[in-house]
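# Reading the structure
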Amino acid sequence: MTPDDNADNVVCKHTHSSRKKMSTTRALWCYYKSLCQYPMSSMSVIGIKHFYLVLTISFIQINLLIQTTNASISQHSKLASNIMPTSPNAMGDSPKFDFLDDLRAKYPHQPVFLQAVEEMALAIEPLFHDTVNGDFYKRAFLYMTEPERMISFHVPWTDDEGNLKVNRGWRVEFSSALGPYKGGLRFHPTVDDGILKFLGFEQIFKNALTGLPLGGGKGGSDFDPKGKSDSEIRRFCESFMTQLCRYIDASTDVPAGDIGVGGREIGFMYGQYKVSLHLRLLRKMLLESSINEL
């Protein structure tokens, strides 16, 4: 099986739920050609956009190719599962992609994140062998594996008996090369920074496939909403948003729902977000008034 066949099999697992029409491909291709008129610097924003669009167009074209075959999605998924690594040394082989060795050494405690990075690298391996821009694609991919910003904060709240509880909250802002960070918030006891980095990294490519100017991010908390009353969930959501609101904005970071975060939780957090904005504006006005009186 050639590297191209491997890429086709792996990509189908990542993208069979995001089918795109030929018109979208043409639109992206036109945008891609317009970007190519700029010189490709090693790490410029234009360069990163170029990389994203190559990925997006490649994934969409592979999707269209899959749709013309008679093989079922289950057969493709079975083939993909046979070549996707479960861990760097799961089968006793030496890890592929030695340009990721520093990343592996830095985050050995985040195996799920490393697995996501290696699976994506395997899916786009032909790009790394490009004779002209292969080294650039490696540098750009490595650049994308580090979040632009990771925010960690505590979330104090009280249960219905008045007992103080403290959970941990995170927001991983992975990449804003295409636009504002976009990704859900997850409330689940298994959430930690490694899980959110894994989800945020994949969110970059999911959002790129839409063709919209959206970056990638993910957030959440180790709070477990199961068994909690509406009042407890409301108090937690308000506390969570009080901490998070200073870092998000409609033009920079747009959270959404995920596991444990539905319409109810979004409503609680949005209400607190508006309250926090008004309080911030009020503090600013009071501060300016005090300065003018001096």
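Look above for the structure.
Residues numbered from 1 in each chain as written. Predicted model: local features only at pLDDT ≥ 70, side-chain atom pairs only at ≥ 80, totals over all residues. Heavy atoms only, no water.

### Observations regarding the overall build of the chain
Put simply, the test is: Here a helix means four or more residues in a row that DSSP labels H or I, a strand means two or more in a row labelled E, and each is numbered from the N terminus. Relative accessibility under 20% of the residue-type maximum defines a buried residue, over 50% an exposed one, and the middle range a partly exposed one, all with a 1.4 Å probe and only protein chains included. A contact between two residues is defined here by any heavy atoms of the two lying within 4.5 Å. Areas reported as accessible are Shrake-Rupley estimates using a 1.4 Å probe. Residue values count occlusion only from the protein chains shown.
For the chain, the count of helices and strands is eleven helices and five strands. Split into buried and exposed, the 294 residues of the chain put 43% on the buried side. Taking the intrachain contacts of the chain between residues at least 6 apart in sequence as the baseline, contacts between residues at least 24 apart amount to 74%. Of the roughly 15200 Å² of accessible surface on the chain, a fraction of 56% belongs to carbon and sulfur atoms.

### Things to note about a nonpolar patch on the surface
Note the threshold: Put simply, a patch holds well-exposed residues, over 30% relative accessible area, that have no salt bridge, with like charges counted together within 9 Å and Val, Leu, Ile, Met, Phe, Trp or Tyr side chains within 5 Å. Salt bridge, as used here, is a side-chain nitrogen of Lys or Arg placed within 4 Å of a carboxyl oxygen of Asp or Glu.
On the surface, Val275, Leu279, Leu282 and Leu286 cluster together to form a nonpolar patch covering roughly 350 Å² of accessible area. Locating leucine 286 in the fold gives a position in helix α11 (residues 263-293). You can call leucine 286 exposed: its relative accessible area is 52%.

### Considering the sheet that holds strand β2 (residues 164-175)
Cut-off, in case you're wondering: Strands were regarded as paired on the criterion that DSSP finds at least two bridges between them. Axis definition: a line fitted to C-alpha atoms, over the contacting stretch in the case of helices. Angles run 0 to 180 degrees between N-to-C directions.
The strand order across the open sheet formed by five strands is β1-β2-β4-β3-β5, and the pairing between neighbours is mixed. In this open sheet, the two edge strands, each paired with only one partner strand, are β1 (149-158) and β5 (253-256). Averaged over all pairs of adjacent strands, the angle between strand axes in this sheet comes to 20°, irrespective of strand direction. Judged from the ten bridges that link them, β1 and β2 form a sheet pairing that is antiparallel. Counted as the bridge partner of isoleucine 151 is arginine 171 from β2.

### Observations regarding the pattern of salt bridges
Under the defined criterion, the tally for this structure stands at twelve salt bridges. Residue aspartate 253 is joined to arginine 171 by a salt bridge in which the shortest nitrogen-to-oxygen separation is 2.7 Å. With a gap of 82 residues between them, aspartate 253 in strand β5 and arginine 171 in strand β2 connect regions that are remote in the sequence. Arginine 171 carries the same exposure label as aspartate 253, and that label is buried. In the salt-bridge network here, residues are joined through shared partners; they are Asp101, Arg104 and Glu118.

### A look at the packing of helix α6 (residues 111-123) against helix α9 (residues 193-209)
Heads up, the condition is: If an angle is under 35 degrees, it is roughly parallel; if it is over 145, roughly antiparallel; if it lies from 65 to 115, roughly perpendicular; otherwise it is oblique. Side-chain classes follow a simple rule in which Ala, Val, Leu, Ile, Met, Phe, Trp, Tyr, Cys and Pro form the nonpolar group, Asp, Glu, Lys and Arg form the charged group, and the remainder, Gly included, forms the polar group.
Where α6 meets α9, the axes come as close as 7 Å, and the angle between the chain directions of the two elements is 20°. When the axes of α6 and α9 are compared, the pair comes out roughly parallel. Listed contacts from α9 to Val112, Phe113, Ala116, Val117 and Met120 of α6 are Gly194, Ile195, Lys197, Phe198, Phe201, Glu202 and Phe205. Of the residues in the contact of α6 with α9, the class split is nine nonpolar, one polar and two charged.

### Here we look at unusual backbone geometry
Not every positive phi belongs to a glycine, and phenylalanine 97 is a case in point at roughly 60°. Residue phenylalanine 97 is classed as buried on the basis of its relative accessible area of 13%.

### Structural notes on the packing of aromatic side chains
Note the threshold: Between the rings of Phe, Tyr and Trp (Trp by its six-membered ring), a pair exists once the centres lie within 6.5 Å; its type follows the angle of the planes, with under 30 degrees stacked, over 60 edge-to-face, and the other angles tilted.
Scanning the entire structure with this criterion turns up 20 aromatic pairs. Judged by centre distance (6.3 Å) and plane angle (90°), the ring pair of phenylalanine 113 and phenylalanine 201 falls under edge-to-face. On the criterion of sequence distance, the pair formed by phenylalanine 113 in helix α6 and phenylalanine 201 in helix α9 is long-range, its members being 88 residues apart. Taking the relative accessible area as the measure of exposure, phenylalanine 113 reaches 0% and is therefore buried. Aromatic side chains phenylalanine 201 and phenylalanine 205 sit 5.3 Å apart centroid to centroid with 75° between the ring planes, which places their arrangement in the edge-to-face category.

### Here's the deal with the side chain of glutamate 125
Here glutamate 125 is to be found in helix α7 (residues 125-128). Given the relative accessible area of 8%, glutamate 125 is considered buried. Beyond its immediate chain neighbours, meaning those up to four positions away, glutamate 125 contacts Lys96 and Phe97.

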